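# Geometric and topological summary
So the chains spell out like this:
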2 protein chains.
Amino acid sequence: MSSETSSETSSELSPTERTTIKRGRARSRSDRAELVDVLASARICHLGVTVDGTVRVLPTVYGVDFDGPDLDGTLYLHGSVAARSLVQAPDLEICVTVTVLDGLVLARSGFNHSMNYRSAVLLGRPRVVTEDAELGRALDAIVDQVVEGRSKHLRSHTKKELAATVVLALPLYEASVKARSGGPEDDDRDVAAGGVWAGVVPVSECLGESIAADDLTPEIAVPQHVLALSGGR
Amino acid sequence: MSSETSSETSSELSPTERTTIKRGRARSRSDRAELVDVLASARICHLGVTVDGTVRVLPTVYGVDFDGPDLDGTLYLHGSVAARSLVQAPDLEICVTVTVLDGLVLARSGFNHSMNYRSAVLLGRPRVVTEDAELGRALDAIVDQVVEGRSKHLRSHTKKELAATVVLALPLYEASVKARSGGPEDDDRDVAAGGVWAGVVPVSECLGESIAADDLTPEIAVPQHVLALSGGR
């Protein structure tokens, strides 16, 4: 086995039995911290929902609010497909997965190749957000997830925009976090045999130089909150 | 509206009615080309499957084989959770979504913020791969999806490894591709009002300098197929 320590952690922030949901508050600070970290490190999530009896997985933007109506925090996401399904099945349960790829793990055998990553899987029954104030905060949270700090530079949302916005709210109650880090785990024989390079190639999301909209007034310089993006996430 | 052309395309590579699957071969070359492009441009997918009656979305690695048993091409993916569900429900349908984020679209209003992306949603009934030769090709395809051209530098898979490998095969038959590109689409009034920077921040997956496993024989240099990764995808 590789002498380099690789680490795979898995934490459930709520009971794994789906039939009885126990509101346990005894969550370790590190579990909650891991969840918050994953949610802060991505810009899109994948929403799983049942449509006409079959599963659909749809990429969508999301935002997080820890000052909202849910004690555990709230995930907001654009969810027009899910919202339509919710109309037909108000008890609809969804799954939202946020994944951050951190590295390619190249082993000496095909079998032992892997990825370094962090992921959070959230489950629950969402509600459609209908109240304007919350819709506005949700839209702001989503904008700020895409570009940190941007929402305060924008004008207020109009009533028409809020009416046209379909947002689901999912409390961050039932979540599990998984992660892998570290080097490849190879069989001793493969390590001894040598002859093959093994290691990790780090992966990150790179943001390039911003491109102004071609109808932008020329004298508007790229603002700091956009320049700051190149620092990466 | 922004004078810059933004483009949103959506193509179905198969009929949208789920109840009757018609094997239509009249697919435009560009639709197929788009699907192939999306699948070639990512390293992980999100697998949607129903487990005990509820949806789960799980990130996983995948590989693609156009020379396999399916005319349309085959997506192979690690699917131990799904495979266990398949044992109980052999007609289980899954959804596999591959998403590539290309840009952050910053509009003048929160409402009009968006993402540039390419995504493919595949549906169907997978089969568990059981035959050794196909398992080996599937593992190779998965390794090569992570690092192009790597599988041929590795030793053969052992029988024990193949026996321990759980891979699902999904024909690339029922697929839809969606994409957005271009600048923000703002309301005329917001464009005229000015005062807010708007544009696109390109996003790509960056691969950093490779880190050798700490038990690697020092004289093995980083091979070309690993150095080539820094060119990005």
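Looking only at helices and strands, chain A has 6 helices and 11 strands in total. In chain A, buried positions account for 54% of the 233 residues.

Turning our eyes to something else, we now look at the interface of chain B and chain A. Taken residue by residue, the interface counts 81 residues in chain B and 81 residues in chain A. Summing the contributions of chain B and of chain A, the shared interface buries around 6,700 Å²; its carbon and sulfur component is 65%. When residues of chain B are sorted by the area they lose upon contact with chain A, B:Val55, B:Phe111 and B:Trp197 head the list and together hold 11% of the total. For the side of chain B that touches chain A, the secondary-structure elements that each account for two or more residues are β2 (44-51), β3 (54-65), β5 (94-106), β6 (114-124), α3 (132-146), α5 (188-193), β10 (199-207) and β11 (211-212) of chain B.

Once that is clear, we can look at the relation of the copies chain B and chain A. Two copies of the chain are present, and they differ by a rotation about an axis and a shift along that axis. Once chain B is rotated about the relating axis by 180 degrees and shifted along it by 0.0 Å, it coincides with chain A to within an RMSD of 0.0 Å. Viewed as a symmetry operation, the transformation between the two copies matches a two-fold axis. Within chain B, B:Glu205 has its C-alpha nearest the rotation axis, a separation of 2.5 Å.

You can see B:His46 is positioned in strand β2. Within the structure, B:His46 has its side chain in polar contact with the side chain of A:His46 (distance 3.3 Å). With near-sequence residues (within four places) excluded, B:His46 lies in contact with A:His46, A:Val57, A:Thr97, A:Thr99, B:Val57, B:Leu58, B:Pro59, B:Cys95, B:Val96 and B:Thr97.

Another aspect to go through is unusual backbone geometry. The backbone phi angle of A:Asp52 is positive, close to 50 degrees, even though this residue is not glycine. Considering the arrangement of structural elements, one finds A:Asp52 in the loop between β2 (44-51) and β3 (54-65).

Assignment of secondary structure puts A:Thr165 in the loop between α4 (159-163) and β8 (167-171). By relative accessible area, A:Thr165 is classed as buried at 6%. At 2.7 Å, the side chain of A:Thr165 and the backbone oxygen of A:Glu161 are in polar contact. Setting aside chain neighbours within four positions, we find A:Thr165 in contact with A:His78, A:Leu135, A:Leu139 and B:Phe111.

Cut-offs and rules
- Residues numbered from 1 in each chain as written.
- Chains lettered and ligands numbered in written order.
- Predicted model: local features only at pLDDT ≥ 70, side-chain atom pairs only at ≥ 80, totals over all residues.
- Heavy atoms only, no water.
- Helix = DSSP H or I, 4+ residues; strand = E, 2+ residues; numbered from the N terminus.
- Buried < 20%, exposed > 50% of the residue type's maximum accessible area, 1.4 Å probe, protein only.
- Contact = heavy atoms within 4.5 Å.
- Buried area = accessible area lost by both parts, 1.4 Å probe.
- Least-squares fit on C-alpha atoms with pLDDT ≥ 70 in both.
- Polar contact = N/O pair within 3.5 Å; in protein donor to acceptor, adjacent residues only side chain to side chain.

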